Amino acid sequence: VQLQASGGGLVQAGESLRLSCAASGSILSINQMGWYRQAPGKQRELVAVITSGGSTNYADSVKGRFTISRDNAKNTVYLQMNSLKPNDTAVYYCNAFFVRLVGVPLQYWGQGTLVTVSS
């Protein structure tokens, strides 16, 4: 099982980006999926998560600007980022909990995609 993130890049403040993260491999089902980010010199922090049923949770710093969604048929999670700010600059990581036949779900991380917002 692996997660492949894409969509990062360099944008100016106020612009938008859409991140995608596709899960592949032997997948039974996926519980929660989400996005985290890590800015230089800072700890990794939660950006947004979404359950298999579509319930969402956002960091206060991105509420109203970012939208997380998922396509269960494609095992893909998205992060639409609008009104980007320079302090959104970070490496963004996707995360997912894969259901197993036996045992608790396993947590996987994607490789990270860099988002740079210039002022």
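The present account deals with the structure reproduced in this document. Owing to the predicted nature of the structure, the values given are computational and were not obtained by experimental measurement.

## Let's talk about the overall build of the protein chain
- The helix and strand inventory of the protein chain stands at zero helices and 11 strands.
- Each helix (α) and strand (β) of the protein chain, taken in turn from the N terminus, gives the series β-β-β-β-β-β-β-β-β-β-β.
- Taking 14 Å as the expected radius of gyration for a compact globule of 119 residues, we find that the protein chain reaches 14 Å, a close match to that expectation.
- On the principal axes, the C-alpha backbone points of the protein chain span a range of 50 × 25 × 20 Å.
- Buried residues in the protein chain amount to 38% of all 119 residues.
- Of the contacts formed within the protein chain by residues at least 6 apart in sequence, a portion of 54% connects residues at least 24 apart.
- Carbon and sulfur atoms make up 49% of the accessible area of the protein chain, which totals about 6300 Å².
- Across the protein chain, the 10 positively charged side chains and the 5 negatively charged ones have centroids separated by 6 Å.

## Some points on the pairing of strand β11 (residues 113-118)
- Only one face of β11 is covered, namely the one carrying T113, V115 and V117; the face carrying L114, T116 and S118 has none of its residues buried.
- In terms of strand pairing, strand β2 (residues 9-12) meets β11 through four bridges, oriented parallel. Directly across from V11, in β11, lies its bridge partner V117.

## Examining the packing of aromatic side chains
- For the structure shown, the criterion picks out two aromatic pairs.
- Ring plane angle 70° and centroid distance 5.0 Å describe the contact between Y36 and W109, whose orientation is recorded as edge-to-face. In this pair, Y36 is assigned in strand β4 (residues 29-38) and W109 in strand β10 (residues 106-109), connecting sequence segments 73 residues apart.
- Take W109: its relative accessible area is 35%, and that puts it in the partly exposed class.
- Summarising the aromatic geometry, the rings of F98 and Y108 are spaced 5.2 Å apart at their centres and angled 90° between planes, so their arrangement reads as edge-to-face. Placement of F98 in strand β9 (residues 90-99) and of Y108 in strand β10 is noted, with a sequence separation of 10 residues between them.
- We classify Y108 as partly exposed; its relative accessible area is 28%.
- Across from the ring centre of Y78, 4.1 Å away, lies the NZ or CZ of R18, which sits over that ring.

## What about the nonpolar core?
- Counting 30 residues, the largest nonpolar core has W35, V47, F66, I68, L79, M81 and Y92 as its most contacted members.
- At the level of secondary structure, the elements contributing two or more residues to this core comprise β1 (2-6), β3 (17-24), β4, β5 (45-50), β7 (66-71), β8 (76-81), β9 and β11.
- The dominant element in this core, judged by the number of residues it contributes, is β9, at five residues.

## Examining the state of the cysteines
- Applying the stated criterion to the full structure yields one disulfide.
- The side chain of C21 participates in a disulfide bridge whose partner is C94; the two sulfur atoms lie 2.0 Å from each other. Here the S-S torsion is close to 50°, and the disulfide linking C21 with C94 is therefore right-handed. Placement of C21 in strand β3 and of C94 in strand β9 is noted, with a sequence separation of 73 residues between them. Across the pair, exposure class does not vary: C21 and C94 are buried alike.

Calculation criteria
Residues numbered from 1 in each chain as written. Predicted model: local features only at pLDDT ≥ 70, side-chain atom pairs only at ≥ 80, totals over all residues. Heavy atoms only, no water. Helix = DSSP H or I, 4+ residues; strand = E, 2+ residues; numbered from the N terminus. Rg over C-alpha atoms; globule rule 2.2 N^0.38 Å. Buried < 20%, exposed > 50% of the residue type's maximum accessible area, 1.4 Å probe, protein only. Contact = heavy atoms within 4.5 Å. Areas by Shrake-Rupley, 256 points an atom, 1.4 Å probe, with all protein chains shown as cover. Lys, Arg positive; Asp, Glu negative; His and termini not counted. Charge placed at Lys NZ, Arg CZ, Asp CG, Glu CD. Pairing = 2+ DSSP bridges. Phe/Tyr/Trp six-rings, centres within 6.5 Å; stacked < 30°, edge-to-face > 60°. Lys NZ or Arg CZ within 6 Å of the ring centre and 35° of its normal. Core = buried A, V, L, I, M, F, W, Y, C linked by side-chain atoms within 4.5 Å. Disulfide = S-S within 2.5 Å.

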